[in-house]
Amino acid sequence: MVTFHPKELLREAKQAEAAGKFRIASNQYATLGVYLRKRAKFKEAKIVLNRAIRLSPISARLYIQKALCDLGLGLLPEARSAIDLFSHYAIERKMVESYAPYLEAHLGNYPDLRKAFYEEVLQVERTDSFAFLGLARAMKQSGDLAEAEKALFEALKTKTRRRDVLTLLRELVEARSGKAGQELVDRFVAGTLSEEEFVGL
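In this report, we go over the structure that sits alongside the text. Remember, it's a predicted structure, so these values are computed and weren't measured experimentally.

**Some words on the packing of aromatic side chains**
Working definition: an aromatic ring pair is given by the centre-to-centre distance plus the angle between the planes. Overall, the coordinates contain 5 aromatic pairs when judged by the stated rule. Geometrically, the ring pair formed by F86 and F117 is tilted, given 5.2 Å between the ring centres and 50° between the ring planes. Linking F86 in helix α5 (residues 76–92) with F117 in helix α7 (residues 111–122), this pair joins segments that are 31 residues apart in sequence. The pair F86 / F117 is uniform in exposure class, with both members buried. With centroids separated by 6.4 Å and ring planes inclined at 65°, the aromatic side chains of Y118 and F130 adopt a geometry described as edge-to-face. In this pair, Y118 is assigned in helix α7 and F130 in helix α8 (residues 130–141), connecting sequence segments 12 residues apart. Judged by its relative accessible area of 2%, Y118 is buried. Among the aromatic residues, those joined into a ring-pair cluster are F86, Y99, F117, Y118 and F130. Stacked on the ring of Y102, the Lys or Arg R61 has its end atom at 5.7 Å from the ring centre.

**As for the packing of α7 against α8**
One can describe the packing of α7 onto α8 by two numbers: an axis separation of 9 Å at closest approach and a directional angle of 155°. By the angle between their axes, α7 is roughly antiparallel relative to α8. Of the two elements, α7 crosses α8, and the hand of that crossing is left-handed. Of the residues in α8, those in contact with P111, R114, K115, Y118, E119, V121 and L122 of α7 are F130, A131, F132, G134, L135, R137, A138, M139 and Q141.

**A word on the pattern of salt bridges**
Scanning the entire structure with this criterion turns up 12 salt bridges. Linking D128 and R161 is a salt bridge whose minimum nitrogen-to-oxygen distance equals 2.7 Å. Of this pair, D128 sits in the loop between α7 and α8 while R161 sits in the loop between α9 (145–157) and α10 (162–177), and the two are 33 residues apart along the sequence. A residue is classified by how much of its surface remains accessible, and D128, at 22% relative accessible area, is partly exposed. With relative accessibility at 30%, the residue R161 sits in the partly exposed group. Here the residues in one salt-bridge network are K46, K66 and D70, joined through shared partners.

**Describing the nonpolar core**
The nonpolar side chains of a soluble globular protein tend to be buried with one another. With 60 residues, the main nonpolar core has I83, F86, L103, L107, F117, Y118 and L152 as its most contacted residues. Discounting chain neighbours no more than four positions away, the residues touching L107 are I64, L68, L71, I83, L113 and R114.

**Some details on the side chain of S129**
Relative to the helices and strands, S129 resides in the loop between α7 and α8. Beyond its immediate stretch of four places on either side in the chain, S129 contacts A155, T158, T160, R161 and V165.

**Concerning the packing of α9 against α10**
Remark: α9 packs on α10, axes separated minimally by 10 Å, with the N-to-C direction vectors making an angle of 155°. Put simply, α9 runs roughly antiparallel to α10. Once α9 is placed against α10, the crossing between them reads as left-handed. Residues L145, A148, E149, L152, F153, A155 and L156 of α9 form the contact with α10, whose participating residues are R162, V165, L166, L168, L169, L172, V173, A175 and R176. Partitioned by chemical class, the residues of the contact of α9 with α10 number 13 nonpolar, no polar and 3 charged.

Calculation rules
Residues numbered from 1 in each chain as written. Predicted model: local features only at pLDDT ≥ 70, side-chain atom pairs only at ≥ 80, totals over all residues. Heavy atoms only, no water. Phe/Tyr/Trp six-rings, centres within 6.5 Å; stacked < 30°, edge-to-face > 60°. Helix = DSSP H or I, 4+ residues; strand = E, 2+ residues; numbered from the N terminus. Buried < 20%, exposed > 50% of the residue type's maximum accessible area, 1.4 Å probe, protein only. Lys NZ or Arg CZ within 6 Å of the ring centre and 35° of its normal. Axes fitted to C-alpha atoms, helices over the stretch in contact; angles between N-to-C directions. Parallel < 35°, antiparallel > 145°, perpendicular 65-115°, else oblique. Left-handed = near helix turned anticlockwise from the far one by under 90°. Contact = heavy atoms within 4.5 Å. Salt bridge = Lys/Arg side-chain N within 4 Å of Asp/Glu carboxyl O. Core = buried A, V, L, I, M, F, W, Y, C linked by side-chain atoms within 4.5 Å. Nonpolar A, V, L, I, M, F, W, Y, C, P; charged D, E, K, R; others polar.

These figures come from the coordinates and say nothing about function on their own.
Printed below as a string of structure tokens:
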């Protein structure tokens, strides 16, 4: 088992930075930042993560780690700003679907921050149901079932991932209407119930 030496890693990161090896230094600062964050040393972690970001500002995952530090410090507006930057670079680099699992894994207990990400994605991409599904799941978690259903109806218009969309829609309607919700979805899928009628029930 390899022993982790944070002071040695910090020294190596500073040396790599001084030598112009910015990617290596950024990775080392990031590793140290995650180590400190997991030990609830949020202020110290944020300092080294900011160094990592300064050297590699387009590394979107770093902003998730920074957001976690901000949350640990009780700085929700700063956490939201970090998620906005994560969203920006994920979209700019066309890596939304690649980066989304990282967001979900680390911010599973923060549906409002996940909602912010998917809402940003939907500002530029509405031809696939991926972001609508992510948004609906976050809304479901925060208890906003009606808005989650609306997001899924928008997802159906894209005609993509239909099975996933309908599965989640069934879960939402059953949570709202019990077993009677299953019949509502079946009628909607069969075309005997319109979206307007569905939402009105």
